[in-house]
Amino acid sequence: MASDDDIPAKKKIKAKKSPNGGSDVKMKPAVVKSASTNKATSSSKKKRKRELEPDPVKSSSPKKKKTAATANGPKKELKKLDKSERLQYAMQSFLWWNAKEPPEGCQWVTMEHSGVSFPEPYQPHGIKMLYEGKPIDLTPIQEEAATFFAAMDPEGMHLGNPKTANIFIKNFFADFRDILGKKHVIKDFKKCDFEPIRKHLNEQKIIRKAITDQERKANKEDRNQAMFRYGFAIVDGHLEKVGNYNMEPPGAFRGRGEHPKMGKLQVSLPGHAWGDIRHDPRGQWLATWKENINNQSKYMQLAAQSSFKGKSDRFKYNKAAKLCDKIVDIRKSYKRDLKSKDKETKQLATAVWVIDRLALRVGGEKDTEEEADTVGCCSLRREHFHFDPNNEGGDNKEIELEFLGKDSMLFKQTIDFGATMYNEENGMGVQVYENLKSFCSKKKPTDEVFDAINPTLLNNHLKQFMDGLSAKVFRTYNASRTLQEELRKTEASNGWKRLSAAEKVIEYNNANREVAILCNHQRSVSKAQETQLENLGGKLETLKKQKKTLKAMLKAIAAGNTDKIPTKKHDEKALTEKAAKAVEKAKKLKEKAKTNEEKIKATEADEEAKKKKREITEIKFKQAHLWDKVPTRDQVVKKLEAWNNKISKMEMDLKHKDDNKEVSLGTSKINYMDPRISVAWCKRNEVPIEKIFSKTLRDKFNWAMAVEPEWEFNAKIAEE
DNA sequence: AGCTCTACTTAGGATCCAGGTA
DNA sequence: TACCTGGATCCTAAGTAGAGCT
């Protein structure tokens, strides 16, 4: 059904190369009415195959094909590759850093792509929500809205917190009532019961879990077909990966923190309406549309491993590296200006100090009616500063900074401006403290501390030191410098050369952690993680008790009191067999299950069996230190040694997990640390790059892979 | 000069999946 | 050899910055 519509849609979107090769097309779906339906996944596989792009490997120039073939083995080998792999090779064969640049001011000349893929339209399930306990008939559109709400986790970050739950419910219900109409019986949220729909959704989840391997394969194939169709673009003759080709499905807006609009119903593209087709080679986007709640532009862009992103990334890191030299002048300048009589100059200097030393974001203005109340440097308020937080009195120079930053992440740190690290080498920590104190004096809690400046002013000020310098460059610069310095420190430590690759990777991760802490990259501890940590703690306690028992056994053996030695209470063999049988039975049920009821039953039986198995594992663990019969002294000594190892290993593991549970290492790796530092480190230390960068990261940073072992993040590298 | 708008980077949570290990 | 966990990937929100507009 979809396929007939696909053709015109595709024609519309696809660029036609004009004879002169000039006018390829950018599209801009939305806004206008020219409707077209165009589906990503459906049953019409055969048809789709024919419609696929001419094989991009073939479509690229003969020359390029040759490069791909010679670079990766003889042509015969290529034949064996599947389509995904061939596409991979085609993309990897384009080394943009060796290629000709597009014309000045342009990012591309020709562009071909298949547009966005729309999700399947909503399929009504017919499950009725209750109002005052009675089932209510809803139209498909009304039912869809109700289902958005039912899909929210009652314990999740929106509904699980009473404060946000109130905002969410208020917004959702207002929009829901709009859809229901004024005369609808549903008038009071408290009388609504979405439980039947929620239950239905959970059942669907369970059913999905019970799919066979075959079905799973088929699903993957479907997704692959969509990926072949929408996931690639040809930019100036080169194959490139598209990032987000799936149109965002409608749903309840999930704003973070205390976002005043969370819960409102969000529809990206009413009626799949395409807008105009635009050819604007100055930008990198492939499609753009407006979202209805915050009136924000959304974009379809190329993926992270594309040449566009790679170029921007390299440019970003080179700019940050340039700072290595300029920073001296900048710091000299702001240190002088910290004492300026001019309020604006003084505030600018103080703000740049804060951005440089504390790695804060610049902090643009926000409208709290429209967005969550979060701040950065320039928008910090008096209420975010607690002077002398521990009431130490005297010449205490501590300030506790407490505010919500980007994504409503809590920044809560006590900065001792009198500390050596902020004052050595004329760091001016104490002066900054005095400035902040004076900026705060005579102000209301809600007044801005930096009331004489704003991000535009600050960034313009920075431009005088370096072309293109803005506040965010400091975060990139300091993150990369920190990584490099931390890595150098460990490399200079005693016995470094003797460490195994795995041990070196741990050190790398420690350096990465320093950067993440500097940038305040956090993650919240999920409930599952919390219980896991508790369980590990419990296990550790058990191990320690068992060690005590083992020691007592040694004593008893020495004293000849062998009758006092405990032995295993439970017959492990019998228990294990019992569990295995239950698992086997559940498996059979799963294989036989045809109807939804059977699938649900099978999954439940499966979960029950697994639970039993876990219980038995637990029993085994609790008597693992014992024997069936009275052991010899030798046996006990051996086991005691093993237990000591187990305990120290688990203690390490636990500490490691605890240290890391709230720190997110990925964000700095992806966005802040110059990848060339990591690549060079790997080369110097004979650590395989795969231990540091996943496949996706290696593709994203392909431009960084060729650096020399001694490569350094400094101002010189920007000269290339 | 200050505001709005556009285009891009940066971000954490949810979900998926593979590989290490009991 | 199944299981579980942690890492990879997906998703889209939330920043920054600069251009353009009034």
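Residues numbered from 1 in each chain as written. Chains lettered and ligands numbered in written order. Predicted model: local features only at pLDDT ≥ 70, side-chain atom pairs only at ≥ 80, totals over all residues.

Considering the overall build of chain A
And step 1. A tally of helices and strands in chain A yields 24 helices and 15 strands.
And step 2. Expressed as a percentage of its 720 residues, the buried residues of chain A come to 28%.
And step 3. The contacts in chain A between residues at least 6 apart in sequence include a share of 73% that link residues at least 24 apart. (Helix = DSSP H or I, 4+ residues; strand = E, 2+ residues; numbered from the N terminus. Buried ≥ 20, exposed ≤ 12 C-beta atoms within 10 Å, placed from the backbone. Contact = placed C-beta atoms within 7 Å.)

Here's the deal with the protein's contact with DNA strand C
And step 1. Around DNA strand C, a shell composed of 35 residues is seen, among which Arg361, Gly364, Ser470, Ser694 and Thr696 lie nearest.
And step 2. Put simply, the parts of the chain that give the surface near DNA strand C at least two residues each are α15 (455-463), α16 (471-491), α20 (596-622) and α24 (695-700).
And step 3. Looking at the surface near DNA strand C residue by residue, the classes come out as 7 nonpolar, 16 polar and 12 charged. (Near = placed C-beta within 6 Å. Nonpolar A, V, L, I, M, F, W, Y, C, P; charged D, E, K, R; others polar.)

Overview of the sheet that holds strand β15 (residues 410-416)
And step 1. With antiparallel pairing, 3 strands are arranged side by side in an open sheet as β13-β14-β15. For this open sheet the edge positions go to β13 (385-387) and β15, each flanked by a neighbour on one side alone. Taking each pair of neighbouring strands and ignoring which way they run, the sheet shows an average axis angle of 15°. (Pairing = 2+ DSSP bridges. Axes fitted to C-alpha atoms, helices over the stretch in contact; angles between N-to-C directions.)

Remarks on the protein's contact with DNA strand B
And step 1. Around DNA strand B, the structure places 26 residues, and the nearest of them are Gly283, Ser312, Arg523, Ser524 and Thr667.
And step 2. Only β12 (297-300), α11 (307-337), α16 and α22 (666-671) provide two or more residues apiece to the surface near DNA strand B.
And step 3. When residues in the surface near DNA strand B are grouped by element, the largest group, 3 residues, is from α11.
And step 4. Grouping the constituent residues of the surface near DNA strand B by class yields 6 nonpolar, 14 polar and 6 charged.

Description of the UniProt feature "active site" (unreviewed entry) in chain A
And step 1. In the UniProt entry, the feature "active site" (unreviewed entry) is given for Tyr672.
And step 2. Among the structural elements, Tyr672 can be located in the loop between α22 and α23 (675-685).
And step 3. Among residues more than four places away in sequence, those in contact with Tyr672 are Arg475, Thr476, Ala479, Ser480, Val515 and Cys519. (UniProt positions renumbered as here; feature names shortened; annotations may be inferred.)

Structural notes on α23
And step 1. Across the 11 residues of α23, 8 count as buried, placing the element largely inside the fold.
And step 2. If you check which residues of α23 are buried, you get Pro675, Arg676, Ile677, Ser678, Val679, Ala680, Trp681 and Cys682.
And step 3. Residues of α23 that are buried in the fold lie against α16 and α17 (501-518).

Notes on helix α8 (residues 162-180)
And step 1. The terminal C-alpha atoms of α8, which comprises 19 residues, lie 26 Å apart, in line with the 27 Å expected from a rise of 1.5 Å per residue.
And step 2. Every buried residue belonging to α8 is among Thr164, Phe168, Ile169, Asn171, Phe172, Phe176 and Leu180, and all of these are buried.
And step 3. Buried-residue contacts for α8 involve α7 (140-150) and β8 (251-252).
And step 4. Immediately downstream of α8, the backbone of Gly181 shows phi near 95°, a positive value. (Expected span 1.5 Å × (residues − 1).)

Description of the sheet that holds strand β2 (residues 111-112)
And step 1. Sheet architecture is open: 3 strands sit in the order β2-β6-β7, paired in antiparallel fashion. Every other strand in the sheet has two partners, leaving β2 and β7 (238-241) as the edge strands with one partner each.
And step 2. Looking at chain direction, β2 and strand β6 (residues 232-235) are connected through 2 bridges and run antiparallel. Following the sheet pairing, Met111 is matched in β6 by Val235.

What about the nonpolar core?
And step 1. Among the nonpolar cores identified, the biggest contains 62 residues, and Ala351, Ile355, Cys377, Leu458 and Val515 are the most heavily contacted of them.
And step 2. Residues in contact with Val515, not counting those within four places in the same chain, are Ala479, Thr482, Leu483, Ser668, Tyr672 and Met673.
And step 3. Tyr89, Ala90, Val116 and Leu239 belong to the second largest nonpolar core, which has 25 residues in total. (Core = buried A, V, L, I, M, F, W, Y, C linked by C-beta atoms within 7 Å.)

Regarding the packing of α16 against α17
And step 1. Contact geometry of α16 with α17 gives a least axis separation of 9 Å together with a crossing angle of 150°. Looking at the two axes, α16 sits roughly antiparallel to α17. Our pair here, α16 against α17, has a crossing hand that is right-handed. Contact with α16, carried on its side by Asn478, Ala479, Thr482, Leu483, Glu486, Leu487 and Thr490, involves Glu507, Tyr508, Ala511, Asn512, Glu514, Val515 and Leu518 of α17 and no other residues of that element.
And step 2. Partitioning the contact of α16 with α17 into residue classes produces 7 nonpolar, 4 polar and 3 charged. (Parallel < 35°, antiparallel > 145°, perpendicular 65-115°, else oblique. Left-handed = near helix turned anticlockwise from the far one by under 90°.)

A few points about the environment of Lys629
And step 1. As for its position among the elements, Lys629 is in the loop between α20 and α21 (633-660).
And step 2. In this structure, the C-alpha to C-alpha distance between Lys629 and Ala150, residues 479 residues apart in sequence, is 57 Å.

Structural notes on the packing of α7 against helix α9 (residues 195-209)
And step 1. At their nearest, the axes of α7 and α9 sit 9 Å apart, and the two run at 75° to each other. By the angle between their axes, α7 is roughly perpendicular relative to α9. Taken together, the residues of α9 that come into contact with α7 (itself represented by Ala146, Thr147 and Ala150) are Ile197, Arg198 and Leu201.
And step 2. Residues that form the contact of α7 with α9 fall into these classes: 4 nonpolar, 1 polar and 1 charged.

Focus: the pairing of β15
And step 1. Judged from the 7 bridges that link them, strand β14 (residues 398-404) and β15 form a sheet pairing that is antiparallel. Across the sheet, the residue bridging to Ile399 is Ile415, located in β15.
And step 2. Hairpin connection between β14 and β15: a loop of 5 residues separates the two successive antiparallel strands, and Asp407 in this loop has a positive phi of roughly 60°.

A word on unusual backbone geometry
And step 1. Phi angles above zero are rare outside glycine, and Asp407 is one such case at about 60°.
And step 2. Among the secondary structure elements, Asp407 is positioned in the loop between β14 and β15.
And step 3. We classify Asp407 as exposed; it has 10 C-beta atoms within 10 Å.
And step 4. Positive phi, normally seen in glycine, also occurs at Met428, with a value near 70°.
And step 5. Its location among the elements puts Met428 in the loop between α13 (420-423) and α14 (429-440).

Regarding the environment of Phe253
And step 1. Relative to the assigned elements, Phe253 resides in the loop between β8 and β9 (265-266).
And step 2. Each C-alpha atom of the pair Phe253 and Val267 lies 9.3 Å from the other, and the pair is 14 residues apart in sequence.
And step 3. Apart from residues no more than four positions distant in its own chain, Phe253 is found in contact with Lys261, Met262, Gly263, Lys264, Gln266 and Ile293.

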